[in-house]
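Letter by letter, the chains look like this.
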Amino acid sequence: MGTSNQSMSRKVPGFRYSIRRAAQRPDIVALRPLLLAYIATLAEGVCQDETVERSLEVYMHEPNAAWVAYHDRKGIGCVGLRFLDRGTARIERLYVQEAFCRSGVARNLCRAALRHAVRRDARRVVLDTLPQMVAARELYRALGFVETTNPDWEGCAADERIYMALHLPEER
């Protein structure tokens, strides 16, 4: 996908970051600790049914993918996209370091994943999230995701997960 610099919120003048698809070794090296940091934010045993190494392996095989956000050449955020079937992709493991939250990084990571899903002819993108992830749910709603009570996909291993879906336009 290449590097695309994007200005962040005006709250931090001059602050710049880039988002790059994790396809090369340096990006995978940056992605690993971000995924571990994401897992560390969760309660013991919640959404930890897959190892980080397994997730990295999955993300490296098309059409699946992952992206890393960088500031000063350091990874500050990530997101994964996993295809569940030919027409359905799932956003997962969205994470942004606390110092960079509410600055547009998460939104642009999600947009990169959504563009990838569209280019791979996905008809919908799904996700599951947790009640305590209020900012993430607000972001997902702003991107057009709606909650669903009857998901037809498996979510993470958590009792109180919230399922959301975004149906992509047929003609693109």
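As a starting point, this report considers the structure included with it.

The rules behind these values
Residues numbered from 1 in each chain as written. Predicted model: local features only at pLDDT ≥ 70, side-chain atom pairs only at ≥ 80, totals over all residues. Heavy atoms only, no water. Salt bridge = Lys/Arg side-chain N within 4 Å of Asp/Glu carboxyl O. Helix = DSSP H or I, 4+ residues; strand = E, 2+ residues; numbered from the N terminus. Buried < 20%, exposed > 50% of the residue type's maximum accessible area, 1.4 Å probe, protein only.

### With respect to the pattern of salt bridges
1) Next: One pass over the structure, following the stated rule, counts ten salt bridges.
2) Next: The partner of Arg120 in a salt bridge is Glu62, with the nearest N and O atoms 3.0 Å apart. Taken together, the residues span a long stretch of sequence, with Arg120 in the loop between α3 (105–119) and β6 (124–129) and Glu62 in the loop between α2 (52–59) and β3 (65–71) at a distance of 58 residues.
3) Next: Residue classification places Arg120 among the partly exposed positions, given a relative accessible area of 29%.
4) Next: For Glu62, a relative accessible area of 46% puts it in the partly exposed group.
5) Next: The shortest N-O distance in the salt bridge between Glu138 and Arg102 comes to 3.2 Å. Of the two residues, Glu138 sits in helix α4 (residues 134–142) while Arg102 sits in the loop between β5 (88–96) and α3, which places them 36 residues apart along the sequence.
6) Next: By relative accessible area, which is 38% here, Glu138 ends up partly exposed.
7) Next: Here the salt bridges share partners, and the residues they tie into one network are Arg21, Glu62 and Arg120.

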